[in-house]
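The residues making up each chain are set out below.
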Amino acid sequence: MSESLKRWLMLGARALVSAALIFYLFHMVEWPRVKSVLAASNRLLLLVAIPMSLFAIGCMALRWRLLLRRNGVAAGALRLFGFYLVGGFFNIFLPGVIGGDVARMACCAKESGARLTTATGIVLMERVCGLVALFAVGGVMSYLVAEAQWTRLGASLVPLFRLTALLLVLFFFGLWFFGKWARAQLAGRPGWLHERLHTVLSAIASVDLATLALVLMLSALAQALDLLAAFVIARALGIEVPLGLFFIIIPISYLVTLLPISLGGLGVREGIFSYLLTRLGVLASDAVTLAFLIYLLRVIVGLTGGVWYLFSREPSASPGLAVKQKEEA
């Protein structure tokens, strides 16, 4: 069996899983209730979720800019914000959770002239920072939630969540220190693989501690805004779940999407999120409605990226991104 055929079969299998899960979730929906819930929803709160999501992307763009500048790439924040929107647009269609990252990474590398391996290392650092911040914020918020509330999710779930958050933080700093050590070990070694590994690790290890702290703060702010947007949508639908619990159930549902069993986590993410909400006493129909409204928010924001992609100025006409040659250490 050829590799191309295997990839197509895997893609088909993931599409089948997503379709089956979506069908199952829709089967749980009581459509008359959905109609009444949406009719009684707070439209203003639903609209407020959109700028909150955009502000979260703005924080991510600033985080990206800091990491780029540390690696010798001077980047305009507005331009990077546009690339993030473009990445969100491609995430709607590409079959994977990293499709949008590949798209914005390619945009950045093409416009700036930066090496693709450097851009890859920076985006990898970005995503790890985001994941660590998401669970770290959730771990802190879990201590602000009454035990009687979070035990409804399962007696061992929140302690396991806190342990996962701690391990992710330790892994993150271990990766940072390892990058510094491995960069020195690979320096000057011949070979295509060694050269590219050295470039990726250099993008990670070049970040100093002060910049790293600021990047983590921006990541935490972005994740908090993203979770608050989901909480606002829930409130708009009349779903009464404490804010602190959103900082637990959403990271869990995001983490499960890393399993390569569906198209970009579609269906899996909504299924886990809905299941956890039902454990908190939310009606299954309302939980599924909320899950897909949160997904719809991402689609709406992604579509603004499509508009940006179509109507933004040509790279040659934009002064927003320029590369400074970085001196070799």
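Anything mentioned here points back to the structure above.
What counts and what doesn't
- Residues numbered from 1 in each chain as written.
- Predicted model: local features only at pLDDT ≥ 70, side-chain atom pairs only at ≥ 80, totals over all residues.
- Heavy atoms only, no water.
- Salt bridge = Lys/Arg side-chain N within 4 Å of Asp/Glu carboxyl O.
- Helix = DSSP H or I, 4+ residues; strand = E, 2+ residues; numbered from the N terminus.
- Axes fitted to C-alpha atoms, helices over the stretch in contact; angles between N-to-C directions.
- Left-handed = near helix turned anticlockwise from the far one by under 90°.
- Contact = heavy atoms within 4.5 Å.
- Nonpolar A, V, L, I, M, F, W, Y, C, P; charged D, E, K, R; others polar.
- Phe/Tyr/Trp six-rings, centres within 6.5 Å; stacked < 30°, edge-to-face > 60°.
- Buried < 20%, exposed > 50% of the residue type's maximum accessible area, 1.4 Å probe, protein only.
- Core = buried A, V, L, I, M, F, W, Y, C linked by side-chain atoms within 4.5 Å.
- Expected span 1.5 Å × (residues − 1).
- 1 Å grid on protein atoms, 1.4 Å probe; cavity = no way out; pocket = protein on both sides within 12 Å on 5 of 7 lines; lining within 4 Å.
- Points joined across faces, edges and corners; volume = space filled by probe spheres on them.
- Polar contact = N/O pair within 3.5 Å; in protein donor to acceptor, adjacent residues only side chain to side chain.
- Parallel < 35°, antiparallel > 145°, perpendicular 65-115°, else oblique.

Once that is clear, we can look at the pattern of salt bridges. In the structure shown here, the tally under the stated rule is nine salt bridges. Here Arg104 makes a salt bridge to Glu126, at a shortest N to O gap of 2.8 Å. Of this pair, Arg104 sits in helix 5 (residues 99-112) while Glu126 is found in helix 6 (residues 116-142), placing the two residues 22 residues apart along the sequence. Salt bridges linked by common partners bring Arg63, Asp101, Arg104, Glu126 and Arg127 together as one network.

This brings us to the packing of helix 3 (residues 43-70) against helix 13 (residues 284-311). Look at helix 3 against helix 13: their axes get within 10 Å of each other, and the N-to-C directions meet at 65 degrees. Judged by the sense of rotation from one axis to the other, the crossing of helix 3 with helix 13 is right-handed. Of helix 13, the residues touching helix 3 (which contributes Ala49, Ile50, Ser53, Leu54 and Ile57) are Leu297, Ile300 and Val301. Split by residue class, the contact of helix 3 with helix 13 holds seven nonpolar, one polar and no charged.

This part is about the packing of aromatic side chains. Applying the stated criterion across every chain yields a total of twelve aromatic pairs. Taken together, a centroid distance of 6.4 Å and an interplanar angle of 55 degrees make the contact between Phe246 and Phe273 tilted. Remark: Phe273 occurs in helix 12 (residues 268-279) and Phe246 occurs in helix 11 (residues 243-256); sequence separation between them is 27 residues. Given a relative accessible area of 4%, Phe273 falls into the buried group.

Residues Trp64, Phe246, Phe273, Leu277 and Leu290 are the most contacted members of the largest nonpolar core, which totals 80 residues. The greatest single-element share of this core, amounting to 13 residues, is contributed by helix 10 (residues 209-236). For Trp64, the residues in contact, after removing those within four places along its chain, are Leu80, Phe83, Tyr84, Arg104, Cys108, Ile122, Val123 and Glu126. If you look at the next biggest cluster of nonpolar residues, it comprises seven residues, including Ile22, Val34, Leu266 and Val288.

Since there are 3.6 residues in each turn of an α-helix, residues three or four apart along the chain are aligned in direction. With 27 residues, helix 6 should reach 39 Å at 1.5 Å per residue; the first-to-last C-alpha distance of 39 Å fits that figure. With 20 of 27 residues buried, helix 6 is to be regarded as a mostly interior element.

With that out of the way, let us pick up empty space enclosed by the protein. Going through the model one piece at a time under the given rule, you end up with two cavities of 30 Å³ or more. Taken together, the elements giving at least two residues each to the lining of the largest cavity come down to helix 11, helix 12 and helix 13. Ranked by residues supplied to the lining of the largest cavity, first place goes to helix 13 with four residues. Classifying every residue of the lining of the largest cavity by side-chain character gives six nonpolar, one polar and three charged.

Position of Gln223 relative to the elements: it lies in helix 10. A distance of 3.2 Å separates the side chain of Gln223 from the backbone oxygen of Gly130, its partner in a polar contact.

Moving on to the packing of helix 5 against helix 6. Put simply, helix 5 and helix 6 touch, their axes get as near as 9 Å, and they point 135 degrees apart. Classified by the angle their axes make, helix 5 and helix 6 are oblique. Helix 5 and helix 6 meet at a crossing whose hand is right-handed. Where helix 5 approaches helix 6, its residues Asp101, Arg104, Met105 and Ala109 are matched on the opposing element by Leu116, Ala119, Thr120, Val123, Glu126 and Arg127. Its residues assigned to classes, the contact of helix 5 with helix 6 shows five nonpolar, one polar and four charged.

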